[in-house]
Amino acid sequence: MTNKAPFILVDGSSYLYRAFHALPSLTNSKGQPTGAIYGVTNMLKKIIQDYQPEHMVVVFDAKGKTFRDDLYKEYKATRSPMPDDLRSQVQPLYETVAAMGLPMLIIDGVEADDVIGTLAEQATQLKMETLISTGDKDMAQLVNEHVRLINTMTDTEMDYAGVVEKFGVPPERIIDYLALIGDKVDNVPGVDKCGPKTAVKWLAEYDTIEGVMENAENIKGKVGENLRAALSYLPLSKELVTIKLDVKLDQTPETLKPKSIDKEKIVELLKEFEFKSWLSSTLDDEPEAVNEQANVEYETVLTESQFSQCLKRIESAELFSFDTETTSLNYVNAEVVGLSIAVEPHKAAYIPLAHDYEDAPKQLDRTWVLAQLKPILESTKHYKVGQNLKYDMNVLRKYNIQLQGIAFDTMLESYCLDSVANRHDMNTLALKYLGLSTIHFEDVAGKGAKQITFNQVPLEKASDYATEDADVTLQLHHKLWPLLKAEKGPSDIFRELEVPLISVLSSMEMTGVLIDSHKLEKQSAKLAEQCEALREEAYKLAGEEFNIDSPKQLQAILFEKLKLPVIKKTPKGQPSTAEPVLQELALDYPLPKLLIEYRTANKLKTTYTDKLPLLVNESTGRIHTSYNQTVASTGRLSSSDPNLQNIPVRTEEGQAIRAAFIAPEGYQLISADYSQIELRIMAHLSQDESLLNAFAHGLDVHKATAAEVFGVPLERVTDDMRRKAKAINFGLIYGMSAFGLAKQIGAGRHEAQEYIDIYFDRYPGVKNYMDKMRAKGRAEGYVETLRGRRLYLPEINSQNKMRQMAAERVAINAPMQGTAADIIKQAMLDVDAWLIKNNKIDAKMIMQVHDELILEVADKDVATVQEQLPKIMSEAANLSVRLTTSVGVGQNWRQVH
């Protein structure tokens, strides 16, 4: 029998262990280990792709003992038990192999090697070309004129000559070779001190292991003594390493044929493992696996009659999905190109309005269409769902349309359901929840420098893309909302905080912030001088000029020339020059300290003083950031383009940048900043009497902590004691260890541990709270804020101790950070409601940074806002301790602090 494609025998157990140890530890969002599954399946996919086998089988070791354990009780006795992180992947891997359509064998009483050996022997009798995929050296004994080995890790094949070249003996002598050298992994006894070279030498001289044993008296020296001592058990060793060729099997090489992939099962498994690229390619290759997406009714609306019908469907719908297609991601500059709408799953319409490429079909007038839609878009009775509707709201504001009636946003639904599970963009969500590989923007508009704006995209492509967006968004809502609605805390967060906040953030973004570009240009020049001076000083300390911005040249200077200790290495094995490394080195060496100063100044220059003036919008004269609700896992808002959250507040350089954020003539900036909000939340959550007492009596909580920890009266607390106590207070909130605290306060590790022990002794409620959060996280897999926002902890039960400890730190801190996020968001809603109610007050919220709100207020209303703002913010949450705010007024952001 001949066969062009080889018969593939896969040593699944070898694959499993090699993948587990060779690849980094991977987990899905639920914390389930997936690295070994990923490695094994990738190797299987590659060998299938390379050889296109007609006959194939994957063989795994069965649980329990084998005949070798009966021969020798100590067989494999020294092997460590299978790690839990690997054991949990075995059954899911079996299911995946089966779903791939691959034959699989697991035979009790023998090892995978024996099953493979038996099938290889049968294939040889049939003269079938056979390829054994393994990393196990024992398999070399099976190589013959029809059987060869392949190592998928190194992508190398080994035939008869290859065995001789690698081991120094032919395949028929591998058993003797293995018996002589023994196997520490499997606990097979060999001849002590007999390594591969000695075994090859003996077999070359005496041909077989029996010949070696017969001539044992002739072998001199210590190794000869060891051989003679081993004579009694060498036959057993040979039997242990001999692969059986006669295992009774129901299958034969001819019957072991791959079947068609089980599309439904493989998609289910890939979603569970979160193997996104494989899932995406599977769906692309198998369009019928897409959930009924082939049976869609998509329409391009080009006539008034079509539009009239579309309008009627929207007006009669309880909920419709809505999306804008525009010329830019920058909402301030974006122009509407078209609108897509869906009122039921698998049906959608695209209304093109401004595609202006050559020979583009005639489209409905944009002004007329928007005027027709305005009453519905502004209606609070016509409910809308979208994906990131804040962007659409911003764009429509330019056309004098105030989007209202936002009932759902799929991006926020996903985020409130699980903020740490995955990204919350539509493509990712469609793949995860619907099994759909959607059309990407790059698919219709191109990539990089050749990318065109949407108004230049041909209508047919544009319509497919836009209608799918609206349809998939509606489908996602129908999938996500039942899941979210079933969880009271997360659904309340969604309805009461996140959705109402959309319009507040939209107003802030569109208002923007006025900056003094001239001040920033002057500051930029100062920072340039500072950077140049620091560069020159660095050259002196290094003894030569070098590129201070080049990690490679910095490595050479710090670790090769100056011989500084290597604290940490990069993934490629190079000494790291990252910020934490430089900070540690800076404690003892001048150059790293100077480099930190340089990086700080250079970052401020490139990120802010150089860039901010370039971001001023020509039409508004202001900068317009984007506030992101779905980035920080704790619920905190982040901002981008520009990022206003990271401008330093404590350095002179940072304050100079803040001074460039100004109020227009006739207005002032008012800042209201929550005071020690996370410590107050800790007092409420822990109900610690001492902490509650300190806040109740208006004490300086850091000073009170210092008095407790250092055992001195309150009036004798020094500034240094207070500084250390502050580090302890905030450090413990963030789950800091004694080692971390020691670095923070410049103390020894044992001294820092003493401070922590004393702290917990004085504040036992805090210790109880931390223990409770760790336990809750381990038991339930998540922790919650006061209002029920959840933060999942996929690695809190990880076998990796470092990951587990990191998750425990999050379990302690997330309820505080998340509660603080909920409070500031509620405060924003309350302030906005107050301003709407008192609409004669000329004031607008323009920035939100950490625990601070900044308003732009007309001079005539400053006193009123200054009086009311702290009252409103203090009532945003009902805690056991009162929330307090520090309020400042000034012409610029610096002056308000």
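Residues numbered from 1 in each chain as written. Predicted model: local features only at pLDDT ≥ 70, side-chain atom pairs only at ≥ 80, totals over all residues. Heavy atoms only, no water.

Colleague: Would you mind going over the sheet that holds strand β17 (residues 667–674) in detail, with residue names and values included?
Modeller: Strands sit in the order β20-β21-β17-β22 across an open sheet of four strands; the sheet is antiparallel. Single-partner strands in this sheet number two, and they are β20 (843–849) and β22 (885–890). The average angle at which neighbouring strand axes cross in this sheet is 20 degrees, direction not considered. Inspection of the sheet shows β17 paired to strand β21 (residues 852–858) by seven bridges, in the antiparallel sense. Bridge pairing in β21 places isoleucine 670 opposite leucine 855. (Pairing = 2+ DSSP bridges. Helix = DSSP H or I, 4+ residues; strand = E, 2+ residues; numbered from the N terminus. Axes fitted to C-alpha atoms, helices over the stretch in contact; angles between N-to-C directions.)

Colleague: I'd like a rundown of empty space enclosed by the protein, residues and numbers included.
Modeller: Summed over all chains, the structure comprises three cavities of 30 Å³ or more. When its volume is computed, the largest cavity comes out at roughly 70 Å³. Taken together, Leu270, Lys271, Glu274, Phe275, Lys276, Leu279, Asn422, Leu431 and Lys432 make up the lining of the largest cavity. Secondary-structure elements contributing two or more residues to the lining of the largest cavity are α12 (263–273), α13 (276–285) and α18 (426–434). Each residue belonging to the lining of the largest cavity can be placed in one class, and the counts come to four nonpolar, one polar and four charged. (1 Å grid on protein atoms, 1.4 Å probe; cavity = no way out; pocket = protein on both sides within 12 Å on 5 of 7 lines; lining within 4 Å. Points joined across faces, edges and corners; volume = space filled by probe spheres on them. Nonpolar A, V, L, I, M, F, W, Y, C, P; charged D, E, K, R; others polar.)

Colleague: Outline the sheet that holds strand β11 (residues 383–386), listing residues and values.
Modeller: Reading across from one edge, β7-β10-β9-β8-β11-β12 is the order of the six strands in this open sheet, with mixed pairing throughout. Across the chains shown, the open sheet's two edge strands, defined by having one partner strand only, are β7 (297–300) and β12 (406–409). With direction set aside, neighbouring strand axes in the sheet form an average angle of 25 degrees. Across five bridges, strand β9 (residues 336–344) lies against strand β10 (residues 347–352) in antiparallel orientation. Its bridge partner being in β10, serine 340 is matched across the sheet by tyrosine 350. Here helix α14 (residues 304–316) sits on the sheet and contacts β7, β8 (319–326), β9 and β10; the angle it forms with β10, its principal contact strand, is near 130 degrees. Along the sheet, helix α16 (residues 389–397) makes contact with β8, β9, β11 and β12, crossing β8 at roughly 65 degrees. (Contact = heavy atoms within 4.5 Å.)

Colleague: With reference to specific residues and values, describe the packing of helix α23 (residues 551–561) against helix α25 (residues 590–609).
Modeller: At a minimum axis separation of 12 Å, α23 and α25 run at an interaxial angle of 155 degrees. By the angle between their axes, α23 is roughly antiparallel relative to α25. Between α23, through Leu554, Ile557 and Leu558, and α25, the contact on the second element is made entirely by Leu591, Pro592, Leu595 and Arg599. Within the contact of α23 with α25, the residues separate by chemical class into six nonpolar, no polar and one charged. (Parallel < 35°, antiparallel > 145°, perpendicular 65-115°, else oblique.)

Colleague: Explain the pattern of salt bridges to me, using residue names and the numbers behind them.
Modeller: What the rule picks out here adds up to 49 salt bridges. A salt bridge links aspartate 176 to lysine 238; the nearest nitrogen and oxygen atoms lie 3.2 Å apart. Taken together, the positions of aspartate 176 in helix α7 (residues 174–181) and lysine 238 in helix α11 (residues 234–241) put the pair 62 residues apart, joining distant regions of the chain. Owing to a relative accessible area of 3%, aspartate 176 belongs among the buried residues under this scheme. Note on lysine 238: relative accessible area 23%, which makes it partly exposed. A salt bridge links arginine 790 to glutamate 784; its shortest N-O distance comes to 3.7 Å. A residue is classified by how much of its surface remains accessible, and arginine 790, at 12% relative accessible area, is buried. A single salt-bridge network, built from bridges that share partners, covers Glu487, Lys776, Glu780, Glu784 and Arg790. (Salt bridge = Lys/Arg side-chain N within 4 Å of Asp/Glu carboxyl O. Buried < 20%, exposed > 50% of the residue type's maximum accessible area, 1.4 Å probe, protein only.)

Colleague: Describe the packing of aromatic side chains, with residues and values.
Modeller: On inspection of all chains with the given rule, the structure shows 17 aromatic pairs. Taking the centre distance of 5.8 Å and the plane angle of 75 degrees together, the rings of tyrosine 539 and phenylalanine 546 count as edge-to-face. One cation-aromatic arrangement involves lysine 166 over phenylalanine 167; the distance from NZ or CZ to the ring centre is 5.7 Å. A cation over an aromatic ring shows up here: arginine 658 above the ring of tryptophan 893, its NZ or CZ 4.0 Å from the ring centre. (Phe/Tyr/Trp six-rings, centres within 6.5 Å; stacked < 30°, edge-to-face > 60°. Lys NZ or Arg CZ within 6 Å of the ring centre and 35° of its normal.)

Colleague: I'd love a proper account of helix α21 (residues 488–511), names of residues and values included.
Modeller: The terminal C-alpha atoms of α21, which comprises 24 residues, lie 34 Å apart, in line with the 34 Å expected from a rise of 1.5 Å per residue. Its maximal kink placed at isoleucine 502, α21 deviates by approximately 35 degrees. Here α21 lies mainly inside the structure; 17 of its 24 residues are buried. (Expected span 1.5 Å × (residues − 1). Bend = angle between axes of the 7 residues up to and from the residue.)

Colleague: Now, about the side chain of serine 671: what can you tell me, with residues and values included?
Modeller: Mapped onto the elements of the fold, serine 671 is located in strand β17. Residue serine 671 is classed as buried on the basis of its relative accessible area of 1%. Here glutamate 852 takes part through its side chain, which lies 2.6 Å from a polar atom of the side chain of serine 671. Ignoring any residue separated from it by four or fewer positions in sequence, one finds serine 671 in contact with Glu852, Leu853, Ile854, Ser886, Val887, Gly888, Val896 and His897. (Polar contact = N/O pair within 3.5 Å; in protein donor to acceptor, adjacent residues only side chain to side chain.)

Colleague: Summarise the confidence of the model for the protein chain; cite the residues concerned and give the values.
Modeller: Overall, the predicted model of the protein chain reaches an average pLDDT of 90, with 97% of residues at or above 70. Confidence drops under pLDDT 50 across residues 286–292; counting only partners more than four residues distant or on other chains, this segment forms 13 contacts. (pLDDT = per-residue confidence, 0-100.)

Colleague: With reference to specific residues and values, describe α25.
Modeller: Given 3.6 residues per turn, any residue in an α-helix points the same way as the ones three and four places further on. The end-to-end C-alpha distance of α25 is 27 Å, a good match for the 28 Å that 20 residues give at a rise of 1.5 Å each. Buried residues belonging to α25 abut α22 (517–542), α23, α24 (579–586) and α26 (652–658).

Colleague: Talk me through the packing of helix α17 (residues 410–417) against helix α20 (residues 459–485); I want residue IDs and the actual numbers.
Modeller: Geometrically, a packed helix pair is captured by the angle between its two axes and the distance between the axes. Contact geometry of α17 with α20 gives a least axis separation of 9 Å together with a crossing angle of 30 degrees. Taken together, α17 and α20 sit at an angle that is classed as roughly parallel. As for the relative orientation of α17 and α20, their crossing is left-handed in sense. Mapping the contact onto sequence places Thr410, Glu413, Ser414, Cys416 and Leu417 in α17 and Thr473, Leu476, His477, Leu480, Trp481, Leu483 and Leu484 in α20. Across the contact of α17 with α20, the residue classes break down as seven nonpolar, four polar and one charged. (Left-handed = near helix turned anticlockwise from the far one by under 90°.)

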